[in-house]
Amino acid sequence: MNSVDMATNLIFRAKNLQEFVVTTELPDDFGFHGVIPFDMQITGNILEARVWAVDFDEAVYRLNEFLQNDD
């Protein structure tokens, strides 16, 4: 990927980012570690996160990556 492609991709993402609400069950082993990159609300065992992404699939992927991170 050259610099023109990178710039084009960055501009596309900046123009097309949307906020999605992703709801999932809270994993049993969930714990807060470090910076949380989303606005989240936990009610009982339901986690609701507001995730910025280009599409809903990316938002779900980003939340799942955060929840599965063992760092």
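It should be emphasised that the depicted structure is a prediction, and the values quoted were computed from it without experimental measurement.

Notes on the packing of aromatic side chains
Stage number 1. Enumeration according to the criterion identifies two aromatic pairs in this entry.
Stage number 2. Measuring from centroid to centroid gives 6.0 Å for F20 and F56, while their planes differ by 70°, and the two rings are edge-to-face. Here F20, found in strand β1 (residues 18-25), pairs with F56, found in helix α2 (residues 56-68); they are 36 residues apart in sequence, far enough to count as distant.
Stage number 3. Between F38 and F66, the ring centres sit 5.6 Å apart and the planes meet at 85°, which makes this aromatic pair edge-to-face. Note that F38 is positioned in the loop between β1 and β2 (39-43) and F66 in helix α2, a separation of 28 residues in sequence.

Digging into α2
Stage number 1. Along its 13 residues, α2 runs 18 Å from first to last C-alpha, staying within 8% of the 18 Å computed at 1.5 Å per residue.
Stage number 2. Burial in α2 covers these residues: E58, A59, L63, F66 and L67.
Stage number 3. For α2, the elements touching its buried residues are α1 (3-16), β1, β2 and β3 (46-53).
Stage number 4. Among the residues of α2, the N-terminal cap falls to D55, whose side-chain oxygen and the backbone nitrogen of D57 are separated by 3.3 Å.

Procedures and definitions
- Residues numbered from 1 in each chain as written.
- Predicted model: local features only at pLDDT ≥ 70, side-chain atom pairs only at ≥ 80, totals over all residues.
- Heavy atoms only, no water.
- Phe/Tyr/Trp six-rings, centres within 6.5 Å; stacked < 30°, edge-to-face > 60°.
- Helix = DSSP H or I, 4+ residues; strand = E, 2+ residues; numbered from the N terminus.
- Expected span 1.5 Å × (residues − 1).
- Buried < 20%, exposed > 50% of the residue type's maximum accessible area, 1.4 Å probe, protein only.
- Contact = heavy atoms within 4.5 Å.
- Polar contact = N/O pair within 3.5 Å; in protein donor to acceptor, adjacent residues only side chain to side chain.

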